[in-house]
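Structural characterization, general
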Amino acid sequence: MAAPQDGPWLDDAAGRLVRPYTVSNGRTRPTAALDLLSMVMTTGAVPAGQMGPEHTDALGLIGSRPTSVAEVAAHLRLPAVVTKVVLSDLVDCGALTAKAPSFRTQNPTDRSLLEAVLDGLRRRL
């Protein structure tokens, strides 16, 4: 039986009822260049075609504030690659814009940067 807060796509005993590969129609590569730290934001344009519930959920989650791909994946409870495919669908139809991450340091694996990201994620989730 599905928990009320999880909606119809999750089941307490079985987990996700729709497998991730079906969300992306079996696609494993996004058409837009997205990184986990890429920021996406809605444009206000309405997608022309039929979108799945994950597309609608992503648009509702993002709203008009920049949101990272990693944050969207965490909230949708989808693997990062599937989330990238969903978001790239929305970029392709003009409903989202994406901006690549810009690093303030020369080394993107700088410990202080990674700790700041981890602290931010802990506060948000």
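Before going into details, it helps to say that this report is about the structure given with it. Please read these numbers as outputs of a predicted model, since none were measured by experiment.

1. Let's talk about the overall build of the protein chain
The secondary structure content of the protein chain amounts to five helices and five strands. Listing every helix and strand of the protein chain by position from the N terminus yields β-β-α-β-α-β-α-α-β-α. For the protein chain, restricting intrachain contacts to residue pairs at least 6 apart in sequence, the fraction spanning at least 24 positions comes to 68%. Roughly 8000 Å² of accessible area belongs to the protein chain as shown, and the carbon and sulfur atoms make up 57% of that amount.

2. What about the side chain of Ser38?
In this structure, Ser38 sits in the loop between helix H1 (20-23) and strand S3 (39-42). Residue class for Ser38 comes out buried when judged on its relative accessible area of 2%. Every residue in contact with Ser38, bar those within four places of it in the chain, is listed here: Ala33, Thr67, Ser68, Val69, Lys99, Ala100 and Pro101.

3. With respect to the packing of helix H2 (residues 53-62) against helix H4 (residues 80-92)
Where H2 contacts H4, the two axes come as close as 10 Å, and the packing angle between them is 80°. Taken as axis vectors, H2 and H4 run roughly perpendicular relative to one another. In contact with Glu54, His55, Ala58, Leu59 and Ile62 of H2, H4 contributes Val86, Leu87, Asp89 and Leu90. Residues that form the contact of H2 with H4 fall into these classes: six nonpolar, one polar and two charged.

4. A few points about the sheet that holds strand S4 (residues 67-68)
Picture the strands of a sheet paired through backbone hydrogen bonds; they go either parallel or antiparallel. Taken in spatial order, the three strands line up as S4-S3-S5 in an open sheet, and their pairing is antiparallel. Strand pairing shows two members of the sheet lacking a second neighbour, S4 and strand S5 (96-99), which therefore form its edges. Note that S3 and S4 share two bridges and pair antiparallel. Each bridged residue has a counterpart across the sheet, and for Val40 the counterpart in S4 is Thr67. Against the sheet, H2 touches S3, S4 and S5, its axis set at about 95° to S3.

5. Some details on the pattern of salt bridges
All chains considered together, the criterion is met by two salt bridges. Between Glu71 and Arg65 there is a salt bridge, and its shortest N-O distance comes to 3.6 Å. Of the residues examined, Arg65 reaches a relative accessible area of 34% and is grouped as partly exposed. The closest approach of N and O atoms between Glu115 and Arg111, which form a salt bridge, is 2.9 Å. Pair noted here: Glu115 and Arg111 are both in helix H5 (residues 111-124), with a separation of four residues, about one helical turn.

What counts as what
- Residues numbered from 1 in each chain as written.
- Predicted model: local features only at pLDDT ≥ 70, side-chain atom pairs only at ≥ 80, totals over all residues.
- Heavy atoms only, no water.
- Helix = DSSP H or I, 4+ residues; strand = E, 2+ residues; numbered from the N terminus.
- Contact = heavy atoms within 4.5 Å.
- Areas by Shrake-Rupley, 256 points an atom, 1.4 Å probe, with all protein chains shown as cover.
- Buried < 20%, exposed > 50% of the residue type's maximum accessible area, 1.4 Å probe, protein only.
- Axes fitted to C-alpha atoms, helices over the stretch in contact; angles between N-to-C directions.
- Parallel < 35°, antiparallel > 145°, perpendicular 65-115°, else oblique.
- Nonpolar A, V, L, I, M, F, W, Y, C, P; charged D, E, K, R; others polar.
- Pairing = 2+ DSSP bridges.
- Salt bridge = Lys/Arg side-chain N within 4 Å of Asp/Glu carboxyl O.

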